[in-house]
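Structure at a glance
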Amino acid sequence: MGMCCWPREILKYGKISGDVRMVKLLFPGKIFLLPALLLFSVLFFSKATASTKQNELENFLQEIQDSSDRVHSFTSGFTQEKNLSLFSNPVIFQGRLSIVRPDRLRWEFISPVPSVLILNGEQGLRCNDKAPAEKFKLSADPVMKMVAEQLWFWLGGDYKKLARHHRLEKRDPATLLITPEDQSTANYLETVAIVFDEKNLQPLQVEIREPGGDSTRISFHSSKINMKIPEKLFTQCVSDE
Amino acid sequence: MSRKSALLRWSVVLGVLLSGVFFSLHVSINDNALDLLPDGAVKGDLQLLQRLGLVDRLFITLSVDEKEYLTEAAAQKALKKSVEKLGNTLRANDFFSLVVTRLPQGYESRLFNTLQTYLPVLLDEKDFAEIEHLTSVAGLEKVMQQNFELINSPAGIGMKQQVQRDPLGLTRLLLNKLIHLQTEFSMQLEDGFFMSKDRRSCLVFAESKLPLTDSKGAQTIEHELKNAFGKALTMGVEARIIGSLPHTLANSRSIQRDLRLLLPVATILLLLLLGVTFKNIRAFIVLSVPFMAAPPAIALTTLFFGNISALALGFGIVLLGIAVDFSIHLYLTLSREEGTQEKLLHRIRRPVIFATLTTTAVFIILLFSEVPSHRQMATLALSGVLLAVLFAWLVIPTIVSQKGRKKNSIQPMKCFLSYNASDIRHLSPLLQKGALSIWIILLVAGFLSWPQLRYNGDLRVLDVPDREVLADEHHFNVTWGQKGDQAFVIGVGKNLEEALDVNSLIYHFLRENNFDTFQSLAPILPGPGVQKNNLKLWRQFWQARRPAFDKQFAAVSQNKGFSEQAFALFFHQLERDPGLLFPESLSHSPLQPMLETMVRSFSTAKESGGENQFLVMSTVAIDDDTLPLLLAFAEQNSKIKVLANKKWRAEVEQLLRKDIVLLCFAAGCAIFFLVALQFRKIDVTFAVLAPVLSSLAAMSLFCWITGGELNMMHLIMGIMVIGLSVDYGIFVACSRLTGDTGTASMAVSICACSSLIGFGVLAFAHHPALHSLGITVLVGIGAAWPVALFVSPFLIKKESRVVQ
């Protein structure tokens, strides 16, 4: 913010009464005090802005949490688009996601390479069309544990829990920008932006940005909530659906 | 005796006693169990084990009772929380080092990154066959497809960098080798915790800074552990410990319990015996003479050894109890026989000198034992007996008054204790023949049973079988599935590089000889020599394949959709010189706890040059077929040491057997020659040795009847029984030869009774070592005493008596 406009900005937000003349009245001839006052004002302004934003964020978190709490199960088709420097072109995968809260999740790629990842409490199962299904325990498989933690963070619907481990920011229209505070996570993950449906506040899109500019965008479609999802979807790879 | 002379004698004795007490106050006592083992290779092995921290290691199993919690998950959470808290508490405690509770969070990726950096020096000749396959077109096609799927999977974000650095998955070849870092325990890693299969127990390792073979150190550690458990364990979580600690504590407590009960019993019985037989308060001075010799004897022993083992101190003082025999003989002769004190002292001088010579000869021979505690014991007993004889000679005459002598002058035999060996002639020929027959039967039976006996040198037979300790060990075996025997194979070097190279040699041997189960650092930390060779192979391999491989790789990866620069990191690594991998590079890796347990350094004693030595340990599951292979391998290289329970038990057994048999034989020979030299008559020599032969025969027969096994304690106390029983023979024979009034037999009986009471009560001890000690004395003296009274006099011919 330039010096030319700061009093106007202050007046605009209505947090300080009076105008620049007031400053002169208070500190006649003491022009060297201007930077100090500037600093004070900027801090005050920032605080006021932050406070407003914080309220806005809290309200938003409460709304999405309330909405999430009403959802027992969630099923959706999705498109995953990876824009990585590793690949010459964006890579698009199509798949299906099924979640039954609090601890069952099925992440299934249908094309171009079919594969399934199932998380069922502490147990897990992964399969593809080339190898037999592989069971694992999250506590004994640190990589899958990390994957599960991240998936549940973004898709689990416990946004209050998310706030305890990440820096959150609300972006318009209904987007939650999440920045990890843990350095080990920050090494491979810069931000995650979750775009919610303004009507039912269910996730529409998750965009993951990595340090270095790589990104992954997962867009959900044909979402259904609180449908009965067959238990076998969380116990076996092959499904009739 | 004049008052002045008596005062002077007492002044000398009290002066020596007070000096002894003064110096004894500064004695440093240790009760390290290693002092029980023979010097040489075996002790060296155990010192190595100690240096590797294995003797002072604690294995703590924390188990949770799931009934205390609503869910299994809650129970496991409580268990993990307890493990964390216990780890923090122990780490904050100065008595513990190397506390391992879990691998650090994120250990897998950190390990992956560390190892990936050093791929060129870690992959060996055998790995290149696999790399050859991976770098073929088919191999590349497969691996790039897997990479494509992995990066597009939910795990892709976290795994992307790893794939970029190692698209061929070469690090996986190293991770496969980590199987050789797994312990023999059946466990799984959960969040880095060492969890049992049933997920109800976690294992914690810690090392005590105090020696756990020392009971004081063990007690301190137990106290600290109890406090730590109190602070750390949550509801329903209990801790069980295995290792040296519970054994040391169980043995120490068992001995204390036994002595608390048996010592008062023995004291009361001894006082009763002396009260009944002497009927005089002076009897207590007679009894106290050997104990007055104890402080100066302890001071002298410490002067020679620097410190004294508690075991040697305990048993040495017990052996010193033999010295009471001399006081009793002196007192009874002076107080009950007729004649002037000078005349009586002259008469008793000969048997006292003879008995002192034979007793000291036995202890002198024990000085040549290979076992340090035996040598300390012998020094203590030898100096104690000599001082006790001197003290007895000085003070006993001062306590016997002329009036008392007249009053106590010999009375007709009224009881068994006052039986007079000179009265053997009054026994009917039938009784004489009966006594002789029983004695001959005993000798024959003893002679026949001796070859049937088996010497068991395994010190575990002297270990108290504590129920709680056994239950904890059983629980440990059930929980962690420890199976079979293990050997520790140690690579020794003057520097770390040398020790690591030797360790690589060991690893190579184990692989070549198809040892299935072993734990070695070598696959991920080979010696510098091996690393240099690996690096050479790595360079040769890539030089032969590049740049053709680069083109092939680019074609396949780009075909899978990867960009041209996607794997620049990988190609950069192919050209980079990673340098050699040293333990310091792994010091902040998840392998750090393992490194600390498997790599150690220490400084040798100044006498051996005060050099630094480095040890790198591997553990190997062994059986009867594989142990000889390992031992033969170690024999070819002096820098390789094999430590195995099986091996060192056999060696300890062999060394102790050799030691004890030699000592017994030497003691027997010494006594025979001394007796023969002193008495110079076959019949008298035979009569003197009769109680010795009887005690040996009885001990042999008894051991055969009770299982046919001899242990170290039987044999050590056997030597003592030889020393005691020959004295009975000497006093009885001298008495018989000089035709005196016969207080010798009474003295022998009192001495035998006091020994039976003092040591024999230990036969009722629960501790196996004390029990063996007690039973040996009970049986040995129990046989020697009647033989000295009823057989020895009968064996001395009339002509011999006339000559004498």
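Along each chain, numbering runs from 1 in the same order as the chain's sequence is written. Labels are handed out in written order, letters beginning with A for the chains and numbers beginning with 1 for the ligands. The model is predicted, so local features are restricted to residues of pLDDT at least 70 and side-chain atom pairs to those at 80 or more, both for listing and for counting; the totals for chains, interfaces and linings are taken over all residues. Side-chain descriptors were evaluated using all non-hydrogen atoms of the structure, hydrogens and water having been removed beforehand.

1. Considering the nonpolar core
In globular proteins that are soluble, nonpolar side chains generally tend to be buried together. We call a set of buried residues a nonpolar core when its members are Ala, Val, Leu, Ile, Met, Phe, Trp, Tyr or Cys and they connect through side-chain atoms within 4.5 Å of each other. Accessible area is worked out with a 1.4 Å probe on protein chains only. A residue is then buried under 20% of its type maximum, exposed over 50%, and partly exposed in between. If you look at the biggest cluster of nonpolar residues, it comprises 126 residues, and the most contacted ones within it are Ile328, Ile396, Phe679 and Tyr728 of chain B. The numbering of helices and of strands both runs from the N terminus, where a helix is a DSSP run of H or I of at least 4 residues and a strand a run of E of at least 2. Here this core gets 18 residues from one element, more than from any other, and that element is helix H28 (residues 712–738) of chain B. Per the annotation, domain bounds derive from an automatic or database assignment of domains. Built from parts of two domains, this core gets at least three residues from each of domain 1 (1–30 + 280–409) and domain 2 (415–476 + 639–804) of chain B. Only heavy atoms enter the contact rule, under which two residues are in contact if any of them lie within 4.5 Å. Leave out the neighbours within four places in its chain, and isoleucine 328 of chain B touches Phe278, Val286, Ala747, Ile750 and Cys751 of chain B. Counting 113 residues, the second-largest nonpolar core is a separate cluster that includes Leu57, Phe87 and Ile194 of chain A together with Leu54 of chain B.

2. What about the interface of chain A and chain B?
In this assembly, 31 residues from chain A lie in contact with 25 residues from chain B. Here a polar contact is recorded for every N or O atom pair within 3.5 Å, except that within protein the pair must consist of a potential hydrogen donor and a potential acceptor, and residues adjacent in sequence are included only if both atoms are side-chain atoms. At the junction of chain A with chain B, the criterion picks out eight residue pairs in polar contact (both at pLDDT 80 or more). At the level of elements, strand S1 (73–83), strand S2 (91–100), strand S3 (104–111) and helix H4 (142–155) of chain A are the ones that each hand at least two residues to the side of chain A that touches chain B.

3. A look at the sheet that holds strand S10 (residues 203–209) of chain A
Residue and element names in this part refer to chain A. Should DSSP find at least two bridges between two strands, the strands are taken to pair. Spatially, the eleven strands line up as an open sheet ordered S6-S5-S4-S3-S2-S1-S11-S10-S9-S8-S7, and their pairing is antiparallel. The two strands at the open ends of the sheet, each matched to only one other strand, are strand S6 (131–137) and strand S7 (166–171). The sheet shows a mean angle of 15° between the axes of neighbouring strands, direction not considered. Pairing of S7 with strand S8 (residues 175–180) involves six bridges; the strand directions are antiparallel. Axis definition: a line fitted to C-alpha atoms, limited for helices to the stretch in contact. Angles are taken between N-to-C directions and run from 0 to 180 degrees.

4. Let's talk about the state of the cysteines
Any pair of cysteine sulfurs within 2.5 Å is marked as a disulfide. Across all of its chains, the model carries one disulfide over all chains by this definition. Two residues share a disulfide in this structure: cysteine 127 of chain A and cysteine 237 of chain A, whose sulfurs sit 1.4 Å from each other. Judged by the sign of its S-S torsion, about -55°, the bond between cysteine 127 of chain A and cysteine 237 of chain A is left-handed. Placement of cysteine 127 of chain A in strand S5 (residues 123–128) and of cysteine 237 of chain A in the segment after strand S11 (215–225) is noted, with a sequence separation of 110 residues between them. As far as burial versus exposure is concerned, cysteine 127 of chain A and cysteine 237 of chain A are alike and both buried. The thiol of cysteine 751 of chain B is not disulfide-bonded; the next cysteine sulfur, from cysteine 753 of chain B, is found 9.4 Å away. Among the residues examined, cysteine 751 of chain B registers a relative accessible area of 0% and is labelled buried. Of the residues examined, cysteine 753 of chain B reaches a relative accessible area of 13% and is grouped as buried.

5. As for the confidence of the model for chain B
Within chain B, residue pLDDT values average 81, and 89% of them lie at 70 or more. For every residue, the predictor reports its confidence as pLDDT, a number between 0 and 100. Between residues 408–418 of chain B, whose pLDDT stays under 50, and residues either more than four places distant or in other chains, the model counts 25 contacts.

6. Concerning the side chain of arginine 104 of chain A
Residue and element names in this part refer to chain A. Here arginine 104 is to be found in strand S3. Separated by 2.2 Å, the side chains of arginine 104 and glutamate 231 make a polar contact. Not counting residues up to four positions away in its chain, the partners in contact with arginine 104 are Ser98, Ile99, Leu119, Asn120, Trp152, Glu231 and Phe234.

7. Focus: the environment of glutamate 596 of chain B
All names here are of chain B. Counting through the fold element by element, glutamate 596 comes out in helix H24 (residues 592–598). Note on glutamate 596: relative accessible area 34%, which makes it partly exposed. Sequence separation of glutamate 596 and leucine 52 is 544 residues, and the distance between their C-alpha atoms is 9.3 Å.

8. A few points about a negative patch on the surface
Among the surface-exposed residues, Glu63, Asp66, Asp69 and Asp158 of chain A lie close enough to one another that they form a single negatively charged patch. You can see aspartate 66 of chain A is positioned in helix H3 (residues 34–69). Here a patch means residues that are over 30% exposed by relative accessible area and free of salt bridges, tied together within 9 Å if like-charged and within 5 Å if nonpolar (Val, Leu, Ile, Met, Phe, Trp, Tyr). The accessible surface values rely on the Shrake-Rupley method and a 1.4 Å probe; as for residues, cover is taken only from the protein chains in view. Each salt bridge in this description consists of a side-chain nitrogen of Lys or Arg and a carboxyl oxygen of Asp or Glu lying within 4 Å of one another. Working convention for charge: Lys and Arg count positive, Asp and Glu count negative, and His plus the chain ends are omitted. Where a charge sits is defined by one atom per residue type, namely NZ (Lys), CZ (Arg), CG (Asp) or CD (Glu).

9. Some details on the packing of helix H27 (residues 682–705) of chain B against H28 of chain B
Residue and element names in this part refer to chain B. Closest axis-to-axis distance for the H27/H28 pair is 8 Å, and the angle between their directions is 150°. On the basis of the axis angle, H27 is roughly antiparallel to H28. Crossing handedness for the pair H27 and H28: right-handed. Along the contact surface, H27 presents Val684, Val688, Leu689, Pro691, Val692, Ser695, Leu696, Met699 and Cys703, while H28 presents His714, Gly718, Val721, Ile722, Ser725, Val726, Gly729, Ile730, Ala733 and Leu737. Here the term charged refers only to Asp, Glu, Lys and Arg, the term nonpolar to Ala, Val, Leu, Ile, Met, Phe, Trp, Tyr, Cys and Pro, and the term polar to all other amino acids, Gly among them. Its residues assigned to classes, the contact of H27 with H28 comprises 14 nonpolar, five polar and no charged. An angle below 35 degrees is treated as roughly parallel, one above 145 as roughly antiparallel, one from 65 to 115 as roughly perpendicular, and anything else as oblique. Two helices that cross are described as forming a left-handed crossing if the nearer one is turned anticlockwise from the farther one by less than a right angle, and a right-handed crossing if clockwise.

10. Some words on the packing of aromatic side chains
To describe a pair of aromatic rings, you give the distance between the ring centres and the angle between the ring planes. The rule is short: rings of Phe, Tyr and Trp, with Trp giving its six-membered ring, pair when the centres are within 6.5 Å, and they are stacked under 30 degrees, edge-to-face over 60, tilted in between. With the rule as written, the count across this model stands at 33 aromatic pairs over all chains. Measuring from ring centre to ring centre gives 5.6 Å for phenylalanine 672 of chain B and phenylalanine 673 of chain B, while their planes differ by 75°; the resulting arrangement is edge-to-face. Judged by relative accessible area, phenylalanine 672 of chain B falls into the partly exposed class, the value being 41%. Stacked on the ring of phenylalanine 60 of chain A, the Lys or Arg lysine 170 of chain A has its end atom at 5.3 Å from the ring centre. Between the NZ or CZ atom of arginine 545 of chain B and the centre of the ring of phenylalanine 541 of chain B, over which it lies, the distance is 3.7 Å. For a Lys NZ or an Arg CZ to count as sitting over a ring, it must be within 6 Å of the ring centre and within 35 degrees of the ring normal.

11. Comments concerning helix H25 (residues 626–636) of chain B
All names here are of chain B. Among all positions in H25, only Thr626, Leu627, Leu630, Phe633 and Ala634 are buried. For H25, the buried positions fall inside an angular range of 125° around the axis, keeping them on one side. Residues of H25 that are exposed and point more than 90 degrees away from the buried face comprise Glu635 and Gln636. Arc, as used here, means the arc of the directions from the helix axis to the C-beta atoms.

12. Observations regarding the pattern of salt bridges
All names here are of chain A. With the rule as written, the count across this model stands at 28 salt bridges over all chains. For arginine 217, the salt bridge identified is with glutamate 81, shortest N-O distance 3.8 Å. Residue arginine 217 is located in strand S11, and its partner glutamate 81 is located in strand S1; the two are separated by 136 residues in the primary sequence. We classify arginine 217 as partly exposed; its relative accessible area is 29%. A relative accessible area of 23% places glutamate 81 in the partly exposed class. Put simply, Glu81, Glu207, Arg209 and Arg217 are held in one network by salt bridges that share partners.

13. Examining a nonpolar patch on the surface
All names here are of chain B. Together, Val265, Ile268, Leu269 and Leu272 make up an exposed nonpolar region whose accessible area comes to about 340 Å². For leucine 269, the location among the structural elements is in helix H11 (residues 244–278). A relative accessible area of 36% places leucine 269 in the partly exposed class.

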